[in-house]
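Coordinate inspection notes
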Amino acid sequence: MAGTVEKNLAEQGITLHQPPNPVANYVPTVRSGNLLFVSGQVCLGADGKLIAKGKLGAGVSAEQGAAAARGCAINLLAQVKAALGDLDKVTRVVRLGGFVNSAPDFLDGPKVLNGASDLMVAAFGDKGRHARTTVGVSALPADAAVEVEGVFEVS
């Protein structure tokens, strides 16, 4: 039976899919004490295809980037569920780190990352409010538009 967090997601039309497998020599999550570190998730949709590909400010709009960041957040939550079995074991979203594949003059990375942050707050309420870093980068794996990593406090 789905818990509170998954019900919140379902109300927004979101069902978690099987999380993507690592594409290199790393693991998707590491738990240390009551913290769960989730490796960066690119903006793959449930179909395994990129939600947005290319550079923000050079062919990819901020709105498309925000949708991609939301997709990254869904993948983060899928990894958390795979690691814990239940999203209700998250007691706090501690931090998100976002990487935006950006043209040199693209300055709206924080607006793009709101796609991920807004989803965390919608899913977890006040426990979803978090610290965050947004960094513009010159390239991401598979030319993904966005990648997001996360740290979660868990019980």
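Up top is the structure these notes are about.
Described below are features of the structure shown in this document. Computed from a predicted model, the values in this text were never measured in an experiment.

1. Examining the pairing of strand 5 (residues 90-101)
As judged from the nine bridges shared by strand 5 and strand 7 (residues 146-154), these two strands associate in the antiparallel manner. By the bridge assignment, glycine 98 is partnered in strand 7 with valine 148. Sheet topology note: the strand 5/strand 6 (residues 131-137) ladder contains seven bridges and is parallel. In the strand pairing of strand 6, glycine 98 is matched with threonine 134. The β-α-β motif built from strand 5, the intervening helix 3 (residues 109-124) and the parallel element strand 6 has right-handed crossover chirality.

2. Notes on the packing of helix 2 (residues 62-84) against helix 3
Interaxial distance between helix 2 and helix 3 falls to 6 Å at its minimum, and their mutual angle equals 40°. Of the possible angle classes, the one that applies to helix 2 and helix 3 is oblique. For the crossing formed where helix 2 meets helix 3, the hand is right-handed. Residues Ala62, Gly65, Ala66, Ala69, Arg70, Ala73, Ile74, Leu76 and Leu77 of helix 2 pack against Lys111, Val112, Leu113, Gly115, Ala116, Leu119, Met120, Ala123 and Phe124 of helix 3. For the contact of helix 2 with helix 3, the per-class residue count stands at 14 nonpolar, two polar and two charged.

3. Let's talk about the state of the cysteines
Within this structure, the stated rule accounts for zero disulfides. Of the cysteine sulfurs around cysteine 43, a residue in no disulfide, the closest is that of cysteine 72, at 5.0 Å. On the accessibility criterion, cysteine 43 (0% relative accessible area) is buried.

4. Re a nonpolar patch on the surface
A grouping of Val27, Val30 and Phe37 is seen on the molecular surface, where their side chains present a nonpolar patch of about 250 Å² in accessible area. Tracing the sequence through the fold places valine 30 in strand 1 (residues 29-32).

5. Some words on the pattern of salt bridges
In the structure shown here, the tally under the stated rule is four salt bridges. Its salt-bridge partner being glutamate 6, residue lysine 81 comes within 3.2 Å of it at the nearest N-O pair. Separated by 75 residues along the polypeptide, lysine 81 in helix 2 and glutamate 6 in helix 1 (residues 4-11) bring together distant segments of the chain. Residue classification places glutamate 6 among the buried residues on the basis of a relative accessible area of 18%. Across the salt bridge formed by aspartate 108 and lysine 111, the nearest N and O atoms sit 3.8 Å from each other. The class of lysine 111 is exposed, set by a relative accessible area of 54%.

6. Some details on the environment of leucine 35
With respect to the secondary-structure elements, leucine 35 resides in strand 2 (residues 35-42). Along the primary structure leucine 35 and valine 151 are separated by 116 residues, whereas in three dimensions their C-alpha atoms are 6.7 Å apart. Here leucine 35 is in contact with Val30, Val94, Val151, Phe152 and Glu153, once residues within four sequence places are set aside.

The rules we used
Residues numbered from 1 in each chain as written. Predicted model: local features only at pLDDT ≥ 70, side-chain atom pairs only at ≥ 80, totals over all residues. Heavy atoms only, no water. Pairing = 2+ DSSP bridges. Helix = DSSP H or I, 4+ residues; strand = E, 2+ residues; numbered from the N terminus. Right-handed = clockwise from strand over helix to strand, strands pointing away. Axes fitted to C-alpha atoms, helices over the stretch in contact; angles between N-to-C directions. Parallel < 35°, antiparallel > 145°, perpendicular 65-115°, else oblique. Left-handed = near helix turned anticlockwise from the far one by under 90°. Contact = heavy atoms within 4.5 Å. Nonpolar A, V, L, I, M, F, W, Y, C, P; charged D, E, K, R; others polar. Disulfide = S-S within 2.5 Å. Buried < 20%, exposed > 50% of the residue type's maximum accessible area, 1.4 Å probe, protein only. Patch = residues over 30% accessible without salt bridge, like charges linked within 9 Å, V, L, I, M, F, W, Y side chains within 5 Å. Areas by Shrake-Rupley, 256 points an atom, 1.4 Å probe, with all protein chains shown as cover. Salt bridge = Lys/Arg side-chain N within 4 Å of Asp/Glu carboxyl O.

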